[in-house]
Amino acid sequence: MAQFETYTNPIIPGFYPDPSVCRVGDDYYLVNSSFEWWPGIPVWHSRDLVNWNHIGHAIHRKGQICTNPNIWAPTIRYHQGKFYVICTERPGSVFFVTADNPAGPWSDAVYFDIDKEKVSAIDPSLFWDEDGTCWLASNDRNKSGTIKHWVWIQKVDLKPVNRGGRLEASFVGERNYICDGSGVGPDNYAEGPHLFKVDGFYYLMIAEGGTWDNHAVSFLRTDDLEKSAEDWEYCPFNPVLTHRDKQSPISATGHADMVETQNGDWWLVHLGVRKQDGKHKLGRETFLVPLQWKTDSLGRKWPLANPDKGNKTLMEDQWPNLSWSPEKQRANIDEFQNGTLGLQYNFYNEPENLDWYKIVDGQLHIKLLPAKATDKGHCAFIARRQQHHNFNVETEIFFHPKNETEVAGLMTGIKNTNHIRVEISKPGNETMATLYYVSPHGEKNVARVNVPTGNHYFLRLEARGWNFQFYIGTKKNKWVKLGGLQDARIMSSEIAKGFTGSYVGMYASSNGNTSDNWCRFEYFMYEPYHNN
Ligand code: 6LW
């Protein structure tokens, strides 16, 4: 079997933030936040920590959780034959789901009754001590987001009780507030806590500094989880990982989780962003960095990220001491041959039902829904993440607009208020392809061409950094340039705000009217260009 000497970061490119990892034997499982994208919480499998295969979603069924999802920062753990994923459903609740098989199905949600009037908990994590006691670590966040976060831990009983139709687990004993940060660096903002037991000590990993440029990972430890805050010991090397000094192509490194391999090595997975021209469009991505335990002057051991390489996560680093286990690569072209939508696709917000799309004879059919691309909620948009700075997207669409409100095409962006899309429509007797650019200031029609009526069309997007150009054709590879944006930074997280990343996908709408019309897509291609 081929063995590589190095791996490249990010290990999971694109909008895959807040990674959490666990190991079961020789197998590793990882989850990410998904916010309002459906299905929620992607679940990954790997045997070498570098090649990851998307195997399912922890939130995949209507009714599994109580409200429309807005999922923040999950943790995955394995305990006595069961997988647990615990996370926050914003704005309110902490819940967990369980599964025998991490590919699914996952159970209905079990909630913690946690919310106070002004404060909600985020970033929950579970830890089982050797005596079987289960602890929940989390951090408070007040609803306006203005006070500092405090990390706390508390014993819990996970056995669900049905309270008024909602499954609930219970707290045991007092909540122990541990810290609001390591005290090192700007804006402590402690969050993303995880507990580990190593050589008889309990290590508390925290993220701090806020999720952007000042993000960092720090450690505390204690020999007794019931000890009060002032008796915990702070790692003198804190933060053990940060790219605050902006000396790396990777920024915002933080919100992490760590795992010990079957060979006794320790690795950290964490989020980070890759900026171009000071902004990023791919969301917060998942990175991997080796940890080494170093002893301080008091003889205490602490895990440090790449201490011999400037305490930084590198774009390329030494391969883990694990055999190369390539996962099956997803083909660049999806010809809809499987009868079901691939795991790479998401909808923006959970749909009311799933009767508006189907795969028949190798074509994806999408019904025109009244919701518009600029609406806040769910619309008929089947999309996948942009995972590279440079990429090409191509599709073939069959569509006969029946009236001037019916449109279908290709859309890319980060939000309803920050996107570009090309639509086929028939405003009068002629069929048109129109390119729209949408910013918080409104919608602009940037290009329009006539296309033959009653035909099928090929649509193509070429993204090179912030330059997005669209093409149309009635024959494959016979492109007419439609136009685009030289500078699409409107789709950056810095401008659009929020915690997600950019998507690209197939779209259809009847613009406020009911319609029984459908469009069909023959294939959908996403192809990295020069792989970066
Ligand atoms: C998450 C918090 C954070 O809950 O961003 O980067 C929040 N860290 O820990 C949303 O991902």
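Residues numbered from 1 in each chain as written. Predicted model: local features only at pLDDT ≥ 70, side-chain atom pairs only at ≥ 80, totals over all residues. Heavy atoms only, no water.

Draft legend 1. Layout of the UniProt feature "active site" (unreviewed entry) in the chain. Annotation from UniProt places "active site" (unreviewed entry) at D18 and E191. Taking the farthest pair of C-alpha atoms as the criterion, the annotated set spanning 174 residues converges on one region, since that pair is 10.9 Å apart. Mapped onto the secondary structure, D18 falls in the loop between β1 (6-8) and β2 (20-24). Assessed through its relative accessible area of 5%, D18 is described here as buried. Leave out the neighbours within four places in its chain, and D18 touches V31, N32, S33, F35, A73, P74, H255, L271 and R284. Take E191: it is sitting in strand β15 (residues 191-198). In this structure E191 comes out as buried when scored by relative accessible area, which is 9%. Each residue touching E191, except ones within four places of it in the same chain, is listed here: I122, D123, N139, H149, V151, I206, A207, G210, T211 and H215. (UniProt positions renumbered as here; feature names shortened; annotations may be inferred. Helix = DSSP H or I, 4+ residues; strand = E, 2+ residues; numbered from the N terminus. Buried < 20%, exposed > 50% of the residue type's maximum accessible area, 1.4 Å probe, protein only. Contact = heavy atoms within 4.5 Å.)

Draft legend 2. Quick peek at the pattern of salt bridges. Applying the stated criterion to the full structure yields 28 salt bridges. Residue R77 is joined to D257 by a salt bridge in which the shortest nitrogen-to-oxygen separation is 2.9 Å. Of the two residues, R77 is situated in strand β7 (residues 71-79) and D257 in strand β20 (residues 250-260); the sequence distance between them amounts to 180 residues. Like D257, R77 is buried. For the salt bridge of R163 with E168, the shortest nitrogen-to-oxygen distance reads 2.8 Å. (Salt bridge = Lys/Arg side-chain N within 4 Å of Asp/Glu carboxyl O.)

Draft legend 3. Just the environment of N214, in detail. Position of N214 relative to the elements: it lies in the loop between β16 (201-208) and β17 (216-222). The class for N214 is partly exposed, based on a relative accessible area of 29%. N214 sits 118 residues away from F96 along the chain, and the two C-alpha atoms are 30 Å apart. Not counting residues up to four positions away in its chain, the partners in contact with N214 are P186, E208, G209, T242 and R244.

Draft legend 4. Main features of the sheet that holds strand β33 (residues 431-439). The strand order β29-β38-β31-β32-β33-β34 describes an open sheet built from six strands, whose pairing is antiparallel. Each end of this open sheet is capped by a strand with a single partner; those strands are β29 (380-385) and β34 (442-451). Going across the sheet, the axis of each strand differs from the next one's by a mean of 15 degrees, ignoring polarity. As paired strands, strand β31 (residues 407-415) and strand β32 (residues 418-425) are joined by seven bridges and run antiparallel to one another. Note on β32: the bridge partner recorded for L410 is V422. (Pairing = 2+ DSSP bridges. Axes fitted to C-alpha atoms, helices over the stretch in contact; angles between N-to-C directions.)

Draft legend 5. Spatial organisation of the environment of D108. Mapped onto the elements, D108 comes out in the loop between β9 (93-99) and β10 (110-112). As a C-alpha pair, D108 and E230 span 122 residues in sequence and 39 Å in three-dimensional space. Apart from residues no more than four positions distant in its own chain, D108 is found in contact with R61, G63, Q64, F96, V97 and L167.

Draft legend 6. Quick look at the nonpolar core. If you look at the biggest cluster of nonpolar residues, it comprises 66 residues, and the most contacted ones within it are F95, L364, I366, I382 and M506. When residues no more than four places from it in sequence are discounted, the contact partners of M506 are F336, Y345, L364, I366, A380, F381, I382, G409, F521 and F524. (Core = buried A, V, L, I, M, F, W, Y, C linked by side-chain atoms within 4.5 Å.)

Draft legend 7. Looking closely at the sheet that holds strand β22 (residues 285-295). The antiparallel open sheet is built from four strands, whose spatial order is β20-β21-β22-β23. The two strands at the open ends of the sheet, each matched to only one other strand, are β20 and β23 (301-305). Ignoring strand direction, the axes of neighbouring strands in this sheet form an average angle of 35 degrees. Relative to β22, strand β21 (residues 266-274) is paired through seven bridges, and the arrangement is antiparallel. Paired with H270 across the strands is F287, a residue of β22.

Draft legend 8. The arrangement of the site of the ligand in detail. Around the ligand, 13 residues are found, and the nearest of them are D18, D123, T211, H255 and R284. At 2.4 Å from an oxygen atom of the ligand is found a side-chain nitrogen or oxygen belonging to D18. Measuring from an oxygen atom of the ligand, one finds a side-chain N or O atom of H255 at 2.8 Å. Coverage of the ligand by the protein chains reaches 98% of its 290 Å² of free accessible surface. Within the residue set of the shell around the ligand, elements represented by two or more residues are β7 and β11 (119-128). Across the shell around the ligand, the residue classes tally to six nonpolar, three polar and four charged. (Near = heavy atom within 4 Å. Polar contact = N/O pair within 3.5 Å; in protein donor to acceptor, adjacent residues only side chain to side chain. Areas by Shrake-Rupley, 256 points an atom, 1.4 Å probe, with all protein chains shown as cover. Nonpolar A, V, L, I, M, F, W, Y, C, P; charged D, E, K, R; others polar.)

Draft legend 9. The arrangement of the pairing of β7 in detail. By the criterion of burial, β7 is predominantly enclosed, with eight of the nine residues buried. Two elements, β7 and strand β8 (residues 82-89), share seven bridges in a ladder whose sense is antiparallel. Looking at β8, one finds that I76 is bridged to V85. Between β7 and the antiparallel strand that follows it, β8, lie two residues; Q80 among them carries a positive phi value of about 45 degrees.

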